[in-house]
Amino acid sequence: IGKQSLLEIYTDYVNKSSGRKQDVNEKSDKYGSDETNSSNHANYNLYACNATYSHTINSHKSYTTGIEMSSVTGNSILNYQNNKLQGNKSKTLENKIACFASYKLKLKMFSVNAGLRYEQVHSKYTDCLNNDNDIKRNYGNLFPSVDIIYSMHNGITNDLSYR
C-alpha cells in the first residue's frame, strides 16, 4: 500500500480425517482367551486467518497492528464390537480471536519495540455419551511485550526482552 505501508493477509485450511481398526486376541493359560475388536474414526478441520498492517512513520519510527482468527472443529468415534469396553463419541470446538499492536523506535545505538496482544478463546469439548465429561472454557488474556536492543559499532548487540 505505497512505500511506507504494508498489508499482509494469510489464510489456512487443514482437514485431517483418520480411521483405524484394531483386532486383539489375547491368550492366557490361566484366564483363557479374549478377543477385542475396535474401530476409531476422527475428522478435524482448522480454519485460520491473519491480517497485519505495518506503517513506517519515518526512518526511526514504525508501528504494526493486526488481527488473528482461528477455528478448530472435530469429532471422534471409538467403538468396541464386543461391548466389553465402553466406546467414546465426542465433538470439539475451539475459536480464538486476537488483536495486537506494536511500536518500534530506533535511536542511534538503541532500538525499543513495545507491544500488546489480547486473545479471547472459547473452547468446548462435548462427550456425546456422558455429559459429565463435557469441558467448556472461555477466557481472555492480555500479553505485553518489550524488546530493548543496544547495538555497538563493532557488530555486537545486547538484547533485553520481556514476553
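Relevant structure appears above.
Computed from a prediction, not measured in an experiment: that's the story for all the values here. (Residues numbered from 1 in each chain as written. Predicted model: local features only at pLDDT ≥ 70, side-chain atom pairs only at ≥ 80, totals over all residues. Heavy atoms only, no water.)

1. Some remarks on the environment of Asp34
Phase 1: Checked against the element boundaries, Asp34 lands in strand β2 (residues 32–58).
Phase 2: Residue classification places Asp34 among the partly exposed residues on the basis of a relative accessible area of 27%.
Phase 3: Taking the C-alpha atoms as reference, Asp34 lies 8.2 Å from Val24; in sequence the two are 10 residues apart.
Phase 4: Excluding residues within four positions of it along the chain, Asp34 makes contact with Val24, Asn25, Glu26 and Lys84. (Helix = DSSP H or I, 4+ residues; strand = E, 2+ residues; numbered from the N terminus. Buried < 20%, exposed > 50% of the residue type's maximum accessible area, 1.4 Å probe, protein only. Contact = heavy atoms within 4.5 Å.)

2. Remarks on a nonpolar patch on the surface
Phase 1: There is a patch of nonpolar side chains on the surface, built from Leu107, Phe110, Val112, Ile148 and Leu160 and spanning about 440 Å² of accessible area.
Phase 2: Inspection of the secondary structure puts Leu160 in strand β7 (residues 157–162). (Patch = residues over 30% accessible without salt bridge, like charges linked within 9 Å, V, L, I, M, F, W, Y side chains within 5 Å. Areas by Shrake-Rupley, 256 points an atom, 1.4 Å probe, with all protein chains shown as cover. Salt bridge = Lys/Arg side-chain N within 4 Å of Asp/Glu carboxyl O.)

3. Here we look at the packing of aromatic side chains
Phase 1: Applying the stated criterion across every chain yields a total of 3 aromatic pairs.
Phase 2: Geometrically, the ring pair formed by Tyr53 and Tyr63 is tilted, given 6.4 Å between the ring centres and 55 degrees between the ring planes. On the criterion of sequence distance, the pair formed by Tyr53 in strand β2 and Tyr63 in strand β3 (residues 61–80) is long-range, its members being 10 residues apart.
Phase 3: Owing to a relative accessible area of 26%, Tyr53 belongs among the partly exposed residues under this scheme.
Phase 4: Measuring from ring centre to ring centre gives 5.0 Å for Phe110 and Tyr150, while their planes differ by 45 degrees; the resulting arrangement is tilted. (Phe/Tyr/Trp six-rings, centres within 6.5 Å; stacked < 30°, edge-to-face > 60°.)

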